[in-house]
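Summary of structural features
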2 protein chains.
Amino acid sequence: MFANECIDFTDLFVKHFCFWEHLSEEEKRILCENMTMMKFKKGENIHNANENCLGVILIKKGHLRTYMMSEDGRDITLFRLFEDDVCVLSASCIIDTITFDIFIDAEEDSELLLIKSDIFEKLAEKNIYIKNFQHEITSTRFSDVMWTMQQILFMSFDRRLAIFLMDEIAKNGKDEIKLTHEQIARYMGSAREVVTRMLKYFVGEGIVELSRGGVKIIDKNKLRELAQ
Amino acid sequence: MFANECIDFTDLFVKHFCFWEHLSEEEKRILCENMTMMKFKKGENIHNANENCLGVILIKKGHLRTYMMSEDGRDITLFRLFEDDVCVLSASCIIDTITFDIFIDAEEDSELLLIKSDIFEKLAEKNIYIKNFQHEITSTRFSDVMWTMQQILFMSFDRRLAIFLMDEIAKNGKDEIKLTHEQIARYMGSAREVVTRMLKYFVGEGIVELSRGGVKIIDKNKLRELAQ
């Protein structure tokens, strides 16, 4: 049915691309033969507003950060993508309804499966299930972004920082967070000074301790209270 | 083919709902028979996060404002909808991928055609073209919101206000804008004090004159420069 190298991908397709069962054998073959594996180092840029758009991404391993950037270089994290997530905004050039561009960086060494934009576009044009998939994923990201915006625009900064720290320790399973104030500010769409000031306040409240390049939570209950 | 009262709607469907040609006669009949006309007065709330979701809306006449609201009642305009626009976020309860809720008010006396959520949901479940339409419209709104967010988060306030005033005079075809500072602040996701301060600065620069409940542009070139 497929070339040998494709067989490995079939399971992935079935699992992550709900349109798979609605493809013809020919469409399956095209998709499969045009799948590329890409590797990115931690910190590397994967997609940005100034270059041609990459394509549809499936994250096999690693962890990506998506963000928007102002003309003067300030950036705001929109959402993060983890193993098994699919990203279509990296193929925004082929989605008529998407008029904005985002940036995507690898936050860890990452392995991605890529379907190039032109291949995906041709398939989506002819198969409504693929097109629907593309819009459905986009609409999920819309929800992610709305959540982020509500945080940024409406929440007091102490609460936002508490939620951020709670999320980090939940994600890493450790009470110590290895991020600089600068990095925290970037993830939260804020400024370093604002983060430093609030962390110092948290220290005063006995909630955290600061170390070189990190933050240690010493009173999780207090932090949780703030976050709620 | 249809009950008499449906005939009027067919043209509208063909024009605004690209899935129409992919419907069976039975689906067309269901959609048509379950279309309701609704009228709202200027200022009236149409949809909000606390009530059951209304359904898919087509704006026949008028003009709507969509916004998000913080727990303490601050609101931020997300986008506006005009004649011929379709809104599916007013049926967010039936869109799995949408986890947020918006508010919608009529900004003028408005006439809407409504397909109730349960009817639309049943049809979309069985017809991929309807489902795709729903996600496609959502993805357009995502672009609208991203534009708004870039404005709010990245642009200096003088530029944002200049753009807002330019948009208003372009829309109304008059150099006088009949909005209070409070209303302008609301549309821009800002505070009245901030708007008042900046408008006073614009007065000082000879760009605008202030009147009771309004702003008059007296130097359009300067305003345009600021907006660029």
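Now for a quick tour of the structure.

Calculation rules
- Residues numbered from 1 in each chain as written.
- Chains lettered and ligands numbered in written order.
- Predicted model: local features only at pLDDT ≥ 70, side-chain atom pairs only at ≥ 80, totals over all residues.
- Heavy atoms only, no water.
- Helix = DSSP H or I, 4+ residues; strand = E, 2+ residues; numbered from the N terminus.
- Buried < 20%, exposed > 50% of the residue type's maximum accessible area, 1.4 Å probe, protein only.
- Contact = heavy atoms within 4.5 Å.
- Buried area = accessible area lost by both parts, 1.4 Å probe.
- Salt bridge = Lys/Arg side-chain N within 4 Å of Asp/Glu carboxyl O.
- Polar contact = N/O pair within 3.5 Å; in protein donor to acceptor, adjacent residues only side chain to side chain.
- Nonpolar A, V, L, I, M, F, W, Y, C, P; charged D, E, K, R; others polar.
- Disulfide = S-S within 2.5 Å.
- Least-squares fit on C-alpha atoms with pLDDT ≥ 70 in both.
- Axes fitted to C-alpha atoms, helices over the stretch in contact; angles between N-to-C directions.
- Parallel < 35°, antiparallel > 145°, perpendicular 65-115°, else oblique.
- Pairing = 2+ DSSP bridges.
- Expected span 1.5 Å × (residues − 1).
- Phe/Tyr/Trp six-rings, centres within 6.5 Å; stacked < 30°, edge-to-face > 60°.

1. Observations regarding the overall build of chain A
Each helix and strand counted, chain A has eight helices and 11 strands in total. Judged by the C-alpha coordinates and their principal axes, chain A covers about 65 × 35 × 30 Å. The 228 residues of chain A split such that 53% are buried. Long-range pairs, those at least 24 residues apart, make up 69% of the contacts in chain A with a sequence separation of at least 6.

2. Details of the interface of chain A and chain B
Chain A puts 34 residues into the contact, and the matching count from chain B is 34 residues. Together, the buried faces of chain A and chain B total about 3,100 Å²; carbon and sulfur atoms form 72% of this surface. On the surface where chain A and chain B come into contact, there are zero salt bridges. Viewed at the interface, chain B and chain A are joined by nine residue pairs in polar contact (both at pLDDT 80 or more). Secondary-structure elements contributing two or more residues to the side of chain A that touches chain B are β4 (63-69), β5 (75-82) and α4 (128-154) of chain A. With 19 residues, α4(A) is the largest single contributor of residues to the side of chain A that touches chain B. Classifying every residue of the side of chain A that touches chain B by side-chain character gives 18 nonpolar, 10 polar and six charged.

3. Some thoughts on the environment of I98(A)
Residues and elements named next belong to chain A. Here I98 is to be found in the loop between β6 (86-87) and β7 (103-106). Overall, the relative accessible area of 7% leaves I98 in the buried class. Once the C-alpha coordinates of I98 and H135 are considered, the two residues, 37 residues apart in sequence, prove to be 9.8 Å apart.

4. Focus on the state of the cysteines
In protein structure, a disulfide is the covalent linkage between the sulfur atoms of two cysteines. All names here are of chain A. Evaluated as defined, the whole model comprises two disulfides over all chains. Paired through a disulfide, C53 and C93 show a sulfur-sulfur distance of 1.8 Å. Residue C53 is found in the loop between β2 (45-47) and β3 (55-61), and its partner C93 is found in the loop between β6 and β7; the two are separated by 40 residues along the sequence. For C53, a relative accessible area of 14% corresponds to the buried category. Free of any disulfide, C18 has its nearest cysteine sulfur in C87, 16 Å distant. Look at C18 and you get partly exposed, because its relative accessible area is 48%.

5. Some thoughts on the relation of the copies chain A and chain B
Rotating chain A by 180° about the axis while translating it 0.1 Å along that axis superimposes it on chain B, leaving an RMSD of 0.2 Å. Both copies are brought into coincidence by an operation consistent with a two-fold rotation axis.

6. Thoughts on the packing of helix α5 (residues 157-172) of chain B against helix α6 (residues 181-188) of chain B
Residue and element names in this part refer to chain B. Closest axis-to-axis distance for the α5/α6 pair is 11 Å, and the angle between their directions is 105°. Judged by the angle between their axes, α5 and α6 are roughly perpendicular. Judged by residue contacts, F157, R160, L161 and F164 of α5 engage I184, Y187 and M188 from α6. Within the contact of α5 with α6, the residues separate by chemical class into six nonpolar, no polar and one charged.

7. A few points about the packing of helix α5 (residues 157-172) of chain A against helix α7 (residues 192-204) of chain A
Residues and elements named next belong to chain A. Here α5 crosses α7 at 80°, and the two axes come no closer than 11 Å. Here α5 lies roughly perpendicular to α7, going by the angle between them. Taking contact as the criterion, the partners of F157, D158, L161, A162 and L165 in α5 are, on α7, V194, V195, M198, L199 and F202. For the contact of α5 with α7, a count of residues per class yields nine nonpolar, no polar and one charged.

8. A few points about the sheet that holds strand β1 (residues 35-40) of chain B
Residue and element names in this part refer to chain B. The strand order across the open sheet formed by four strands is β1-β8-β3-β6, and the pairing between neighbours is antiparallel. Two strands in the sheet have a free side with no partner beyond their single neighbour: β1 and β6 (86-87). Pairing analysis gives two bridges linking strand β3 (residues 55-61) to β6, with the strands arranged antiparallel. Paired with L58 across the bridge in β6 is V86. Against the sheet, helix α3 (residues 117-126) contacts β3 and β8 (110-116), and its axis sits at roughly 50° relative to β8.

9. Focus on α5(B)
Taking 1.5 Å of rise per residue, the 16 residues of α5(B) would be expected to cover 22 Å, and the 22 Å separating its terminal C-alpha atoms lies within 8% of that figure. In the segment just after α5(B), G173(B) is the residue with positive phi, at about 70°.

10. Re the packing of aromatic side chains
According to the stated counting rule, one finds 19 aromatic pairs over all chains in the structure shown. Judged by centre distance (4.9 Å) and plane angle (15°), the ring pair of F142(A) and F142(B) falls under stacked. With F142(A) in helix α4 and F142(B) in helix α4 (residues 128-154), the pair connects residues from two separate chains. Note on accessibility: F142(A) and F142(B) belong to one class, buried. Note on F13(B) and W20(B): the rings are 4.7 Å apart at their centroids and 5° apart in plane angle, and the pair reads as stacked. Here F13(B) matches W20(B) in class, with each residue buried. Put simply, the rings of F13(A), F17(A), F19(A), W20(A) and F133(A) touch in pairs and so form one group of aromatic residues.

11. Considerations on the environment of N48(A)
Residues and elements named next belong to chain A. With respect to the helices and strands, the residue N48 is situated in the loop between β2 and β3. On a C-alpha basis, the gap between N48 and S90 in space is 8.2 Å, while along the polypeptide they are 42 residues apart. With residues up to four places along the chain from it excluded, the contact list for N48 reads I102 and F103. Within the structure, the side chain of N48 is placed 3.0 Å from the side chain of N45, a separation counted as a polar contact.

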